[in-house]
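# Close look at the chain arrangement
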Amino acid sequence: MERMWISEAMMKYPKQWIVMVNVSSEPQTYKTMGDVYRVTSDKKEAYDLAIELGDSLGHTTVIEGFDDRPQIGGFTLSSR
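Before going into details, it helps to say that this report is about the structure given with it. The structure displayed is predicted, hence computed values, not measured ones.

Calculation criteria
- Residues numbered from 1 in each chain as written.
- Predicted model: local features only at pLDDT ≥ 70, side-chain atom pairs only at ≥ 80, totals over all residues.
- Heavy atoms only, no water.
- Helix = DSSP H or I, 4+ residues; strand = E, 2+ residues; numbered from the N terminus.
- Buried < 20%, exposed > 50% of the residue type's maximum accessible area, 1.4 Å probe, protein only.
- Polar contact = N/O pair within 3.5 Å; in protein donor to acceptor, adjacent residues only side chain to side chain.
- Contact = heavy atoms within 4.5 Å.
- Phe/Tyr/Trp six-rings, centres within 6.5 Å; stacked < 30°, edge-to-face > 60°.
- Lys NZ or Arg CZ within 6 Å of the ring centre and 35° of its normal.
- Core = buried A, V, L, I, M, F, W, Y, C linked by side-chain atoms within 4.5 Å.
- Pairing = 2+ DSSP bridges.
- Axes fitted to C-alpha atoms, helices over the stretch in contact; angles between N-to-C directions.

## Describing the side chain of threonine 40
Note that threonine 40 resides in strand S3 (residues 31–40). A residue is classified by how much of its surface remains accessible, and threonine 40, at 8% relative accessible area, is buried. Within the structure, threonine 40 has its side chain in polar contact with the backbone nitrogen of aspartate 42 (distance 3.2 Å). Dropping the residues within four chain positions of it, threonine 40 is found in contact with Gln16, Trp17, Glu45 and Ala46.

## Regarding the packing of aromatic side chains
Applying the stated rule across the entire model yields one aromatic pair. Ring geometry for tryptophan 17 against tyrosine 47: centres 6.1 Å apart, planes inclined by 55 degrees, an arrangement best described as tilted. In this pair, tryptophan 17 is assigned in strand S2 (residues 17–26) and tyrosine 47 in helix H2 (residues 43–53), connecting sequence segments 30 residues apart. Classification of tyrosine 47 by relative accessible area gives partly exposed; the value is 36%. Positioned above the aromatic ring of tryptophan 5 is the side chain of lysine 31, whose terminal nitrogen or guanidinium carbon lies 5.3 Å from the ring centre.

## Some words on the nonpolar core
Counting residues in each nonpolar core, the largest one holds nine residues, listed as Met4, Ile6, Ala9, Tyr13, Ile18, Met20, Val23, Val36 and Ile63. Elements represented by at least two residues in this core include exactly helix H1 (6–12) and S2. By residue number, the principal contributor to this core is S2, which donates three residues. Ignoring sequence-local partners within four residues, the contact set of isoleucine 6 consists of Met20, Val23, Thr32, Thr61 and Ile63.

## Let's talk about the sheet that holds strand S4 (residues 61–64)
Two strands in a sheet stick together by hydrogen bonds in their backbones, pointing the same way (parallel) or opposite ways (antiparallel). Read across the sheet, four strands follow the order S1-S3-S2-S4 without closing on themselves; strand pairing throughout is antiparallel. A single partner strand is all that each edge strand has here, and the edge strands are strand S1 (2–5) and S4. Mean inter-strand twist for the sheet, computed between neighbouring axes without regard to direction, equals 45 degrees. Of the strand pairs in this sheet, S2 and S4 are connected by four bridges, and their pairing is antiparallel. Looking across to S4, one finds that isoleucine 18 is bridged to isoleucine 63.

## Quick notes on the environment of lysine 12
Positionally, lysine 12 belongs in helix H1. Its relative accessible area of 43% is what places lysine 12 among the partly exposed residues. Along the primary structure lysine 12 and glycine 65 are separated by 53 residues, whereas in three dimensions their C-alpha atoms are 7.4 Å apart. If we skip the residues at most four places from it in the chain, lysine 12 touches Glu2 and Met4. Here glutamate 2 takes part through its side chain, which lies 3.1 Å from a polar atom of the side chain of lysine 12.

So this is what it looks like as structure tokens:
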């Protein structure tokens, strides 16, 4: 498991579902940090795992990785 900020994990794993455990917030910075437990492309698998873990490994959350490629009219631009 790798401990990182949630925003950092979203950028590191674009278009992936990230299951994070031991999630906690810092009141001074309003940032949230957690341990990356699993990264998968299947949304159902990620949520099923989070439910299965429950609170056994601390607060659990599922987030989707951020894809910052620009989109125009439903098409995704990519540089090749």
